[in-house]
Amino acid sequence: MQPAINPPAEIDDPEDSKPVEWDDKEKIPDPMAVKPEEWDEEAPKTITDTAATMPADWLEDELDYTKDPEAVKPEDWDDEEDGDWEAPLIENPKCEVGNCGPWSAPQIANPDYKGSWAPPMIDNPNYSGVWSARKIENPAYFEDKTPFASLMSITAIGIEMWTMTKDIMFDNVILTDSSLSLMTGPLRAGTRRPSRRS
């Protein structure tokens, strides 16, 4: 179980530190690599499809919205006070499939696109491996051969659940020897007040 009841016999030496010359990079950029002359970093990712043509049913002169032909000026409309009346705009029925307005050729992937060049990665000849601190004896080490026999009895379990979404999440769990500790003390002060039903 974590954390363990018995502490580890050895711990990392707090006085130990990674040497300055220690190289923990397993791979490095190849210092001998050179960007190929034909590599164009400025080439765009997409280009205009020059083979595309405007569909025959495309209506360049039609707008997505048009004045409502069935709209009628209200009887109480006063041009002097309200201004010139204009029929409200509605979606153009001719443009239901989205084939209205100025046409432009679609964009396609650029076969010449390569992006930014970077040298390939190679094994680092100076790789020192993964560094870890040396181990020393744990001055606080002890061994309890019957740890569960010496534990206090568990008389109450508290589980904090969140049900604010469609899922249920378990946030905190407490094991205690007193059911009163679930409702009093630091734990009680740091959690939400339970709801009460009338």
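Located above this text is the structure these notes cover.
Small disclaimer: the values here were computed from a predicted structure and weren't measured.

**Remarks on the overall build of the chain**
When you go through the chain residue by residue, the secondary structure sums to two helices and 10 strands. In the chain, buried positions account for 12% of the 198 residues. Of the contacts made within the chain by residues no fewer than 6 positions apart, 72% connect residues no fewer than 24 positions apart. Just so you have it, the chain exposes about 17,200 Å², and 54% of that area is on carbon and sulfur atoms.

**Notes on the side chain of aspartate 49**
In this structure, aspartate 49 sits in the loop between strand 3 (46-48) and strand 4 (65-67). An unpaired buried charge is present at aspartate 49: no salt bridge exists, and lysine 45, the closest side chain of opposite charge, is 18 Å distant. For aspartate 49, the residues in contact, after removing those within four places along its chain, are Ala105, Pro106 and Ile108.

**Let's talk about the layout of surface pockets**
If you add up the space inside the second largest pocket, you get close to 230 Å³. Taken together, the residues of the lining of the second largest pocket sort by class into seven nonpolar, two polar and one charged.

**Section: the state of the cysteines**
The full count for this structure, using the stated rule, is one disulfide. Covalently, cysteine 95 is tied to cysteine 100 through a disulfide, its sulfur atoms 1.9 Å apart. When the S-S torsion is -95°, as for the bridge of cysteine 95 with cysteine 100, the disulfide is left-handed. Assessed through its relative accessible area of 10%, cysteine 95 is described here as buried. Among the residues examined, cysteine 100 registers a relative accessible area of 8% and is labelled buried.

**Quick word on a nonpolar patch on the surface**
On the surface, a cluster of nonpolar side chains totalling about 860 Å² of accessible area is made up of Ile154, Ile157, Ile159, Met161, Ile168, Phe170, Val173 and Leu175. Of all elements in the fold, only strand 9 (156-162) and strand 10 (169-176) reach the threshold of two or more residues within the nonpolar patch. The topology assignment puts valine 173 in strand 10. Residue classification places valine 173 among the exposed residues on the basis of a relative accessible area of 58%.

**Digging into the packing of aromatic side chains**
Throughout the structure, instances matching the rule amount to zero aromatic pairs. Stacked on the ring of tryptophan 39, the Lys or Arg lysine 114 has its end atom at 5.4 Å from the ring centre.

**Some remarks on a negative patch on the surface**
A contiguous patch of negative charge, built from Glu75, Asp76, Asp78, Glu80, Glu81 and Asp82, is present on the exposed surface. Its location among the elements puts glutamate 80 in helix 1 (residues 79-82). Judged by its relative accessible area of 79%, glutamate 80 is exposed.

**Considerations on the environment of isoleucine 108**
Residue placement: isoleucine 108 occurs in strand 6 (residues 107-109). Judged by its relative accessible area of 33%, isoleucine 108 is partly exposed. Each C-alpha atom, one on isoleucine 108 and one on isoleucine 47, is 5.5 Å from the other, the two residues being 61 residues apart in sequence. In this structure, isoleucine 108 is in contact with Lys45, Thr46, Ile47 and Asp49, ignoring residues within four places of it in sequence.

**Comments concerning the pairing of strand 9**
Here strand 9 runs beside strand 10; their pairing, made up of seven bridges, is antiparallel. Along strand 10, the bridge assignment pairs isoleucine 159 with valine 173. Connecting strand 9 to the antiparallel partner strand 10 that follows it, the hairpin turn spans six residues.

**Overview of the pattern of salt bridges**
According to the stated counting rule, one finds 10 salt bridges in the structure shown. The residue aspartate 16 makes a salt bridge to arginine 134 at a minimum N-O spacing of 3.2 Å. Linking aspartate 16 in the loop between strand 1 (10-12) and strand 2 (27-29) with arginine 134 in the loop between strand 7 (121-123) and strand 8 (135-137), this pair joins segments that are 118 residues apart in sequence. Residue lysine 18 pairs with aspartate 24 through a salt bridge whose shortest N-O separation is 2.9 Å. Where salt bridges share partners, they join Asp13, Asp16 and Arg134 into one cluster.

Reading guide: rules and limits
- Residues numbered from 1 in each chain as written.
- Predicted model: local features only at pLDDT ≥ 70, side-chain atom pairs only at ≥ 80, totals over all residues.
- Heavy atoms only, no water.
- Helix = DSSP H or I, 4+ residues; strand = E, 2+ residues; numbered from the N terminus.
- Buried < 20%, exposed > 50% of the residue type's maximum accessible area, 1.4 Å probe, protein only.
- Contact = heavy atoms within 4.5 Å.
- Areas by Shrake-Rupley, 256 points an atom, 1.4 Å probe, with all protein chains shown as cover.
- Lys, Arg positive; Asp, Glu negative; His and termini not counted.
- Salt bridge = Lys/Arg side-chain N within 4 Å of Asp/Glu carboxyl O.
- 1 Å grid on protein atoms, 1.4 Å probe; cavity = no way out; pocket = protein on both sides within 12 Å on 5 of 7 lines; lining within 4 Å.
- Points joined across faces, edges and corners; volume = space filled by probe spheres on them.
- Nonpolar A, V, L, I, M, F, W, Y, C, P; charged D, E, K, R; others polar.
- Disulfide = S-S within 2.5 Å.
- Patch = residues over 30% accessible without salt bridge, like charges linked within 9 Å, V, L, I, M, F, W, Y side chains within 5 Å.
- Phe/Tyr/Trp six-rings, centres within 6.5 Å; stacked < 30°, edge-to-face > 60°.
- Lys NZ or Arg CZ within 6 Å of the ring centre and 35° of its normal.
- Charge placed at Lys NZ, Arg CZ, Asp CG, Glu CD.
- Pairing = 2+ DSSP bridges.

Geometry only, nothing functional implied.
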